[in-house]
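Examination of the molecular architecture
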Amino acid sequence: GEDVEQSLFLSVREGDSSVINCTYTDSSSTYLYWYKQEPGAGLQLLTYIFSNMDMKQDQRLTVLLNKKDKHLSLRIADTQTGDSAIYFCAEFGNQFYFGTGTSLTVIP
Amino acid sequence: NAGVTQTPKFQVLKTGQSMTLQCAQDMNHNSMYWYRQDPGMGLRLIYYSASEGTTDKGEVPNGYNVSRLNKREFSLRLESAAPSQTSVYFCASSEAGLAGYLSAYNEQFFGPGTRLTVL
């Protein structure tokens, strides 16, 4: 399978910005996604970006895509305690591949 | 509108026992998926069904079988459970199949998960 890599943990203070990084492997991926998983729940789609875009902004969320380096990032502005969760990036080429997930802890 | 539902929520099995995990969606989606989630490994696709009547292997299909009973329901069966199958299992559905609609984003909707322990 494809290796979609993320760092496992991130800790930020409430009000700061969080940046979660992901590297993917399939250059033919058409869509890249960020999902959020809260404790004891399934994944929910946060945002996505089409592969011909460099950036997408959606309220507090900014997605940056560097196709040359196969690097995807998610920036959460003004991080709140409710943002504490596991964040997964995923790519879709001919199949879905999910990253290992980054556990974000927001310190009040 | 319940979305994607899974039963059971928790299950403990002994090695060699069999069981079926049930999944249903009420969004009239064509595609359904089974994933397992293990610590530090993210989600791995076990099987998927791009449309009613079809099933295909994903990344980690060994030890599992699936049935797409109808458009709503997609079950996952463990014939002879092994400790290596201890995991959290998620069912998901999406409107478009994997091989189609590449011009449209393909959001997957996930169920709440089944936590399975095999002793």
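See the structure above.
The present account deals with the structure reproduced in this document. Since this is a predicted model, take the numbers as computed values, not measurements.

Across its full length, chain A carries zero helices and eleven strands. Sequence-ordered secondary structure for chain A, helices as α and strands as β, is β-β-β-β-β-β-β-β-β-β-β. Since a compact globule built from 108 residues should have a radius of gyration of about 13 Å, the 13 Å found for chain A is in line with a globular shape. Taken across its 108 residues, chain A has 47% of its residues classed as buried. Of all intrachain contacts in chain A linking residues separated by at least 6 positions in sequence, the fraction that spans at least 24 positions is 54%. For chain A, the accessible area works out to roughly 5100 Å², and carbon and sulfur atoms hold 47% of it. With 8 positive and 13 negative side-chain charges, chain A shows a separation of 4 Å between the mean positions of the two kinds.

Attention now goes to the nonpolar core. Generally speaking, nonpolar side chains in soluble globular proteins are found buried as a group. All names here are of chain A. Judged by nonpolar contacts, the single largest core of 20 residues is most densely connected at Trp34, Leu72, Leu74 and Tyr87. Looking at this core, the elements with two or more residues in it are strand 3 (18-23), strand 4 (31-37), strand 7 (61-66), strand 8 (71-76), strand 9 (85-92) and strand 11 (102-107). With sequence-adjacent residues up to four places away left out, Leu74 is seen in contact with Ser18, Val19, Ile20, Trp34, Leu46, Thr47, Leu61, Thr62, Val63 and Tyr87.

Thresholds, definitions, all that
- Residues numbered from 1 in each chain as written.
- Chains lettered and ligands numbered in written order.
- Predicted model: local features only at pLDDT ≥ 70, side-chain atom pairs only at ≥ 80, totals over all residues.
- Heavy atoms only, no water.
- Helix = DSSP H or I, 4+ residues; strand = E, 2+ residues; numbered from the N terminus.
- Rg over C-alpha atoms; globule rule 2.2 N^0.38 Å.
- Buried < 20%, exposed > 50% of the residue type's maximum accessible area, 1.4 Å probe, protein only.
- Contact = heavy atoms within 4.5 Å.
- Areas by Shrake-Rupley, 256 points an atom, 1.4 Å probe, with all protein chains shown as cover.
- Lys, Arg positive; Asp, Glu negative; His and termini not counted.
- Charge placed at Lys NZ, Arg CZ, Asp CG, Glu CD.
- Core = buried A, V, L, I, M, F, W, Y, C linked by side-chain atoms within 4.5 Å.

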